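Results of the structural survey
Each chain, letter by letter, is given below.
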Amino acid sequence: MIAAQLLAYYFTELKDDQLKKIDKYLYSMRFSDDTLKDIMNRFRREMESGLGRDTSPTASVKMLPTFVRAIPDGSEKGDFIALDLGGSNFRILRVKVTQDKKQPVQMESQVYETPDDIIHGSGSQLFSHVADCLGDFMEKQKIKDKKLPVGFTFSFPCAQTKLDEAVLLTWTKKFRAGGVEGMDVVNLLNKAIKKRGDYEADIMAVVNDTVGTMMTCGFDDQRCEVGIIIGTGTNACYMEELRHIDQVEGDEGRMCINTEWGAFGDDGSLEDIRTEFDREIDRGSINPGKQLFEKMVSGMYMGELVRLILVKMAKEGLLFEGRITPELLTKEKIETKHVSAIEKSKEGLKKCMEILTRLGVEPSDEDCLAVQHVCTIVSFRSANLIASTLGGILARLKDSKGVARLRTTVGIDGSLYKMHPQYARRLHKTVRRLVPDSDVRFLLSESGSAKGAAMVTAVAYRLTDQARQIQQTMAEFRLSKAQLLEVKKRMRQEVERGLKKDTHQEATVKMLPTFVRRTPDGTENGDFLALDLGGTNFRVLLVKIRSGKKRSVEMHNKIYAIPIEVMQGTGEELFDHIVHCISDFLDYMGMKSARLPLGFTFSFPCHQTSLDAGILVTWTKGFKATDCEGENVVELLREAIKRKEEFELDVVAIVNDTVGTMMTCAYEEPNCEVGLIAGTGSNACYMEEAKNIELVEGNEGRMCVNMEWGAFGDNGCLDDIRTKYDQAVDENSLNEGKQRYEKMCSGMYLGEIVRQILIDMTKRGFLFRGQISETLKTRGIFETKFLSQIESDRLALLQVRAILQQLGLDSTCDDSIIVKEVCGTVSRRAAQICGAGMAAVVDKIRENRGLDHLDVTVGVDGTLYKLHPHFSRIFQQTVKELAPKCDVNFLLSEDGSGKGAALITAVGCRQRELDAQQH
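The present account deals with the structure reproduced in this document.

Definitions and limits used
- Residues numbered from 1 in each chain as written.
- Predicted model: local features only at pLDDT ≥ 70, side-chain atom pairs only at ≥ 80, totals over all residues.
- Heavy atoms only, no water.
- Helix = DSSP H or I, 4+ residues; strand = E, 2+ residues; numbered from the N terminus.
- Buried < 20%, exposed > 50% of the residue type's maximum accessible area, 1.4 Å probe, protein only.
- Pairing = 2+ DSSP bridges.
- Patch = residues over 30% accessible without salt bridge, like charges linked within 9 Å, V, L, I, M, F, W, Y side chains within 5 Å.
- Areas by Shrake-Rupley, 256 points an atom, 1.4 Å probe, with all protein chains shown as cover.
- Salt bridge = Lys/Arg side-chain N within 4 Å of Asp/Glu carboxyl O.
- Lys, Arg positive; Asp, Glu negative; His and termini not counted.
- Charge placed at Lys NZ, Arg CZ, Asp CG, Glu CD.
- 1 Å grid on protein atoms, 1.4 Å probe; cavity = no way out; pocket = protein on both sides within 12 Å on 5 of 7 lines; lining within 4 Å.
- Points joined across faces, edges and corners; volume = space filled by probe spheres on them.
- Nonpolar A, V, L, I, M, F, W, Y, C, P; charged D, E, K, R; others polar.
- Expected span 1.5 Å × (residues − 1).
- Contact = heavy atoms within 4.5 Å.
- Phe/Tyr/Trp six-rings, centres within 6.5 Å; stacked < 30°, edge-to-face > 60°.
- Axes fitted to C-alpha atoms, helices over the stretch in contact; angles between N-to-C directions.
- Parallel < 35°, antiparallel > 145°, perpendicular 65-115°, else oblique.
- Left-handed = near helix turned anticlockwise from the far one by under 90°.

With that out of the way, let us pick up unusual backbone geometry. The phi angle at E260 is positive, at roughly 50°, despite the residue not being glycine. When you line up the elements, E260 lands in the loop between β11 (254-258) and α7 (276-283). Taking relative accessible area as the criterion, E260 reaches 12% and is therefore assigned buried. Even without being a glycine, E362 presents a positive backbone phi close to 45°. Assignment of secondary structure puts E362 in the loop between α11 (348-358) and α12 (365-401). Of the residues examined, E362 reaches a relative accessible area of 54% and is grouped as exposed.

Structure representation (C-alpha cells):
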C-alpha cells in the first residue's frame, strides 16, 4: 500500500517537475494579466489608427467600413439567396425569413466544389464557375424566373464604398485567381451572370464572413454587435459609431467595421511577445511579414507551432530521449485537430501516444504529459491573445456608449473555437478578467456566415423599404417654394378681409386695432407700473424711463402665481387676486401713495375701442374665469382697485404682448414696425396705415394692428398642406378647429405633432421594434424643449437616445436617427410657414408705402425663436426668399410684455398731453 502511494507521489513530483521545466522553457508564451492588458491597449491604439483619415493608409489593422448599418431587429421577412465563397467549398443557400415564431428562418443549401485549377486560374473563370453554380441552384429550386435579392459572403479583405460593391485588396487562404485584385467583385459576378443570360440576380450586399457571423447571431439576439471568427484564420468585426469612421461621410448612426485584425503586429508592434517559433512559422509561410497576429493564434498555424517546439525540445534532449524522425521534421505533420485531441481531459494522453507513435518518436508516458502541456500553452496563448484584442473592442464599445456597465453579445464562429475542448471556456474567462465591467454573452453562430449574408440582405431590404416609406411620410411636411408662396398669398388675402368692415366679421385673421398710433421717439420719461397677465404666472413691474442723453430703462418686478381655482373661478375673484398682488408689490417698493400710470399687458384676444378699453373676445390658455368674456377688462380692473380702497392707479393702456415686443425693440431701433411672438403661441402685429383700418374712424397716420394670426386657416384655407398628424393634434386639443396655423408652427404643439408621427411609425414597425410604450401614448409628453435638444448639432445620437430613454422609449441607434429626422422636418415646416406669414406682412407694408424696396426691423420674442437651434435661421431665410424686395432686420426683444407695456403707457401719456394742448 505504502509503495503504491510512494509511487503515485513520485509520479506527481515527476509530473510537476516536468511541467515546471516546460513552463520555464516556454516562458515567453505565457502572459500575465498586465501584459494582456498592455496588448489590449496596443490594439485599441491600432484601431484608432485604422479609423483615422490621416493614419489609416499606413495602419496595420485596416478597420474597413462594411456599409452594414444595422443588425436585424426581428421584423425582417422575405426570400433571399446567399452565396458563400471563402474556402475550397462554395455554398449557396436559399433563406426564407418569416414572422413565424416557431421557425423564423428556413434554409436549403447546396455545396459546390471549387477545384484548384479555378482557385489558381483567371478571375473570369472563377466568376463563371460561381455564376454556373448559382444557375444550377436556381434551376433546382425552380426560381430562375424570380429576381431574388442576393447576399454574397466573400471572405477576403475588401475595400467597400457601398454595401453592394467590394474591391478585393488581396487574396488570402491559397486563392490566387488572376486579374481580380483591385477589381469590384460584384461587378465581375454580375458580368458573369449577364454572360449566361438565363436568369437575373439582384446582388444587394457583399459581406465578409465575420460580418455574416455577427448578423446571424444578431437575428437571434439583438444585443449582438461583435462578430469573431477563430478558425483556420481569425478576424473580428463590430458596430462602430459612424462619427468615428473618417473614411465614411456622415456622423449619424453606426456601421459595422471589419477590423482585419489578423494583421495586428505587421508594423512591428508585437515584436516583444513573438517567439523564435513564431518567426520560423512566418519565414516558412506564403506571405512572410504579413498577418503576424493570425499566425500566433489561428488554427492554420497552431499544429505547426507545436511541431516546431517539439523538434527544438527533442534536439536539446528534453523529449523522446533526443530522438528526431523524418516524420517529426515534416511540415504540417501535426495539425490543429491533433492539438484539440491531445488536450481532451479523459482520452487526451492516449490520443497523444497514438499521434506521437505515428511520428515514430517512441514516446514515454512523461513525453506524452509534456507534449500535452506544450499544446495547452500554445492554445492557451491563442485564447489569451484573442481575449486581449476582443477586450480592446469591448472597452471601445463601452466608452462609445458612455455606460457604467456594457451589456453586449459576441457572435462567434470557427473550427478552433468550436472543436477545441478547452478553448471557449478559457477565452470567456480571460475576457471577463480583462473587461470586468462588461456582461458579455458569447453566442455560437449556427449555420455561419452564409445565413449572415442573407440577414444583411434582409436588413438592407427592410431598411430600403422603410426609408422609402418614411420619406413618403416626411414628404407631406416638406413644402416647396411654390407652396410657401401660396401660404403667403393666402395670408395676404385673409389680412385684407380682417381689415375691411364688411368681411371682418367672418375673417379668421381678426386684424384687431390696438390704438397704439406711434412707436417711442426717445423723449419718454417717468415712472410707470406694468402688469403682465398671459399665463399661469402674473408679473407686476415698476419701470423707470429716463430720457435725455443717457437714456435708460430701470425695472423692478415680482412674480405671483395664479392658482388654478382662481383661473377658473369668477371674474371678480380673478381681478381681486390681481389687485391683491399689486398691493403687495407697492408695499414692497414703498410706493403706495403715488398715483402711477399703468399699462396692462393682457395676452388674450381683445376687441379694443380705445387705448384704455379692451373687450375680451374669448379666454385661451386654460383661463375660464366667468363674467369676463364680452366685458371691458380695464373696467374690471378699475372696479377691483376701487373695492380694495388702498391705492389709486391711472390705467392708461391695455396691451397685447406682441405689440409690447414691437415697442420694446422700437425703443432701441426706431425702424422697428413689426412685432412677432414665436413661442408657446404664435402671433404678429405691425404698423398699418389708418386709412386701411375700416373699423376705426380717421384716415390720418398709422396704427398698430394685432393680427391674431394663429387663427389663419380656421376657414379651411390651409387644408391642402395640413397632414393627418395635424388633424390628430387638432382633434385632441382643447379648442378643436381653432388656431390651426398656430397648431402647425408654435411651440405648444410641435412636440405633439412629433408624438403623433412617432406613434404612427411605431405602429408601422419602423420604430421602437413596433412597441408603443405607455409614455408614447401620453398627450403632451414630448415637450418642444426635447425637440430643441434632439436637434442640437452638438448632440451625438447617444445623447438623443438618453433623451428618449428619459421618456421611457428604449431606442436603438436607428430609432434615434429617425426621431431626429422627424423633429427636424416638423420644426423646419413650422419655421417656413411662419416665415411665409411674415413675408406677407412686410410686403404689405412695402406696398402700402408704394416702395420698390423696404428696410424694416421686426422685434421678436418667444422661446421657440430664442431656444430652438435652427428655427430662427430657417425662418429668416424663408422671409428673405419669399419677400426679396424687403430688407428685414430681426431684433430680439428683451422683456416685451413688461418694458413694452410701460413704453406704450409712456407714449400714451405723451399723446394725452398733446391732445389736451390741442383742445
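All right, on to the sheet that holds β11 then. Strand order in the open sheet made by the 6 strands is β1-β11-β10-β9-β12-β13, with mixed pairing throughout. A strand with exactly one partner marks an edge of an open sheet, and here the two such strands are β1 (64-65) and β13 (438-444). Where β1 lies against β11, 2 bridges are found, and the strand directions are antiparallel. Among the inter-strand pairings, L64 is bridged to a residue of β11, identified as N258.

This brings us to a negative patch on the surface. Taken together, the side chains of E572, E573, D627, E631 and E639 define an acidic patch exposed on the protein surface. Relative to the helices and strands, E631 is located in the loop between β20 (613-616) and α20 (633-644). Here E631 falls in the partly exposed class, since its relative accessible area comes to 39%.

With that settled, consider empty space enclosed by the protein. Here the structure, examined in full by the defined rule, presents 3 cavities of 30 Å³ or more. The volume enclosed by the largest cavity comes to roughly 80 Å³. Around the largest cavity, the lining residues are L64, P65, T66, F154, F156, C158, Q160, A166, V206, V207, N208 and N258. Of the voids in this model, the second largest cavity is the one considered here, and its volume is about 60 Å³. Forming the boundary of the second largest cavity are L512, P513, T514, F602, F604, C606, Q608, I654, V655, N656 and N706. Contributions of two or more residues to the lining of the second largest cavity are made by β14 (512-513), β19 (606-610) and β21 (649-655). When its residues are assigned to classes, the lining of the second largest cavity shows 7 nonpolar, 4 polar and no charged.

Let us look at helix α4 (residues 123-141). If you check α4, its first and last C-alpha atoms are 27 Å apart, about what 19 residues at 1.5 Å a residue would give, namely 27 Å. All of the buried residues along α4 are G123, L126, F127, H129, V130, A131, C133, L134, G135, F137, M138 and Q141. The elements touched by buried residues of α4 are β2 (78-85), β3 (89-97), β4 (105-113), α3 (116-119), β5 (149-154) and α5 (185-196). K142 lies just past α4 and shows a positive phi near 55°.

Our focus in this paragraph is the packing of aromatic side chains. Summed over the entire model, instances satisfying the criterion amount to 25 aromatic pairs. Arranged with centres 5.8 Å apart and planes meeting at 75°, the rings of F43 and W261 form a pair that is edge-to-face. You can see F43 sitting in helix α2 (residues 33-51) and its partner W261 sitting in the loop between β11 and α7, a full 218 residues away along the chain. Owing to a relative accessible area of 0%, W261 belongs among the buried residues under this scheme. Cluster of aromatic residues (ring-pair linked, three or more members): F152, F154, F156, W171 and F175.

This part is about the packing of helix α24 (residues 747-763) against helix α27 (residues 813-848). For the pair α24 and α27, interaxial distance at closest approach is 10 Å and the crossing angle is 140°. Relative to α27, the element α24 lies oblique. You can see that α24 and α27 cross each other, and the crossing is right-handed. Packed against α24, whose contacting residues are L750, I753, V754, I757, L758 and M761, the element α27 presents I818, V819, V822, C823, V826, S827, R829 and A830 at the interface. Among the residues making up the contact of α24 with α27, the classes are represented as 12 nonpolar, 1 polar and 1 charged.

These figures capture arrangement, not role.
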